[in-house]
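Per-entry structural report
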Amino acid sequence: AQSVTQPDIHITVSEGASLELRCNYSYGATPYLFWYVQSPGQGLQLLLKYFSGDTLVQGIKGFEAEFKRSQSSFNLRKPSVHWSDAAEYFCAVGASGGSYIPTFGRGTSLIVHP
Amino acid sequence: EAQVTQNPRYLITVTGKKLTVTCSQNMNHEYMSWYRQDPGLGLRQIYYSMNVEVTDKGDVPEGYKVSRKEKRNFPLILESPSPNQTSLYFCASSKTLKETQYFGPGTRLLVL
């Protein structure tokens, strides 16, 4: 069975600082990987996704993520955080082998200090 | 505007009183799903549908029912709600599983 671990429940950064949110997955084959953002009181919005090809994926709002098969990781990065990036971030894995049940991590709450 | 709508947005009910949360999408998507979000647990899939009249259980289907009689609609039914179903519910749709999932705004349910 697939699983996703987001080891950090909360991350606090200063505005303008760089950001890295960690995501580790467990899946036997090549997974589909996603990062979503949820602003307070809102639904989820897709930031980026990885299915195959280039392991460095660019997303919206200046985010990027790198798929590292050897580390089973798909960490999300942003070089300079803005106050509006404060939100909940979810990593998700979807099975490429036919199962249609995507698994979400528990989320990382990003707090941005001015 | 492409969107997923859910109604109601907020609902307070009592144990055992049947309720339905509606979900509708205007993007002609084939894949639709329901999630519940609970603190510390992230999102867990309740049911999903790959097309009209095709539904299947997700990770936490107990106490829920769904139907997919039309492509655009995917209602979530709680026949006899219990307090442990108090949660934030999201409907989502996508063209296929590989495509971007579009989420509705959420329905916050409180079962007393």
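Just above, that's the structure.
Residues numbered from 1 in each chain as written. Chains lettered and ligands numbered in written order. Predicted model: local features only at pLDDT ≥ 70, side-chain atom pairs only at ≥ 80, totals over all residues. Heavy atoms only, no water.

**Observations concerning the overall build of chain B**
- From N to C terminus, chain B includes 0 helices and 11 strands.
- Counting from the amino terminus, helix and strand elements in chain B follow one another as β-β-β-β-β-β-β-β-β-β-β.
- For chain B, whose C-alpha radius of gyration is 13 Å, the value lies close to the compact-globule estimate of 13 Å for 112 residues.
- Taking all 112 residues of chain B together, 50% fall into the buried category.
- When the accessible surface of chain B is summed, it comes to about 5300 Å², and 51% of that surface belongs to carbon and sulfur atoms.
- Counting 14 positive and 10 negative side-chain charges, chain B places the averaged centre of each group 4 Å from the other. (Helix = DSSP H or I, 4+ residues; strand = E, 2+ residues; numbered from the N terminus. Rg over C-alpha atoms; globule rule 2.2 N^0.38 Å. Buried < 20%, exposed > 50% of the residue type's maximum accessible area, 1.4 Å probe, protein only. Areas by Shrake-Rupley, 256 points an atom, 1.4 Å probe, with all protein chains shown as cover. Lys, Arg positive; Asp, Glu negative; His and termini not counted. Charge placed at Lys NZ, Arg CZ, Asp CG, Glu CD.)

**Some points on the pairing of strand E6 (residues 54-57) of chain B**
Residues and elements named next belong to chain B.
- Looking at chain direction, strand E5 (residues 42-51) and E6 are connected through 4 bridges and run antiparallel. Its bridge partner being in E6, Asn51 is matched across the sheet by Val54.
- In textbook terms, the turn of a hairpin is the stretch between consecutive antiparallel strands, and for E5 and E6 this stretch comprises 2 residues, one of which, Glu53, has a positive phi near 65°. (Pairing = 2+ DSSP bridges.)

**Some details on the interface of chain A and chain B**
- In this complex, chain A contributes 20 residues to the contact, which on the side of chain B involves 24 residues.
- Both faces considered, chain A and chain B share a buried interface measuring about 1800 Å² in area, 61% of it formed by carbon and sulfur atoms.
- Here chain A is connected to chain B by 0 salt bridges.
- Scanning the region where chain A abuts chain B turns up 3 residue pairs in polar contact (both at pLDDT 80 or more).
- Mapped by element, the contributors of at least two residues to the side of chain A that touches chain B are strand E5 (32-38) and strand E6 (44-50) of chain A.
- Partitioning the side of chain A that touches chain B into residue classes produces 12 nonpolar, 6 polar and 2 charged. (Contact = heavy atoms within 4.5 Å. Buried area = accessible area lost by both parts, 1.4 Å probe. Salt bridge = Lys/Arg side-chain N within 4 Å of Asp/Glu carboxyl O. Polar contact = N/O pair within 3.5 Å; in protein donor to acceptor, adjacent residues only side chain to side chain. Nonpolar A, V, L, I, M, F, W, Y, C, P; charged D, E, K, R; others polar.)

**Focus on the state of the cysteines**
- Within the structure shown, the criterion is met by 2 disulfides over all chains.
- Linked covalently through their sulfurs, Cys23 of chain A and Cys91 of chain A form a disulfide whose S-S length is 1.9 Å. Between Cys23 of chain A and Cys91 of chain A the sulfur-sulfur dihedral comes to about -65°; the bridge is accordingly left-handed. Of this pair, Cys23 of chain A sits in the loop between strand E3 (19-21) and strand E4 (24-26) while Cys91 of chain A sits in strand E10 (residues 87-94); the two residues are 68 residues apart in sequence, bridging distant segments of the chain.
- Paired through a disulfide, Cys23 of chain B and Cys91 of chain B show a sulfur-sulfur distance of 1.8 Å. Looking along the S-S bond of the Cys23 of chain B-Cys91 of chain B disulfide, the torsion reads about -70°, which is the left-handed sense. On the criterion of sequence distance, the pair formed by Cys23 of chain B in strand E3 (residues 19-25) and Cys91 of chain B in strand E9 (residues 87-94) is long-range, its members being 68 residues apart. (Disulfide = S-S within 2.5 Å.)

**Describing the sheet that holds strand E7 (residues 65-66) of chain B**
All names here are of chain B.
- Strand order in the open sheet formed by 4 strands is E1-E3-E8-E7, and the pairing between neighbours is antiparallel. The open sheet terminates on both sides in strands that have one partner only, identified here as strand E1 (4-7) and E7.
- The pairing of E1 with E3 spans 4 bridges and is antiparallel. When the sheet's bridge partners are listed, Gln6 is paired in E3 with Cys23.

**Remarks on the environment of Ile111 of chain A**
All names here are of chain A.
- Position of Ile111 relative to the elements: it lies in strand E12 (residues 108-113).
- Overall, the relative accessible area of 36% leaves Ile111 in the partly exposed class.
- In this structure the C-alpha to C-alpha distance between Ile111 and Asp85, which are 26 residues apart in sequence, comes to 8.3 Å.
- Setting aside residues up to four positions removed in sequence, Ile111 forms contacts with Ile11, Thr12 and Val13.

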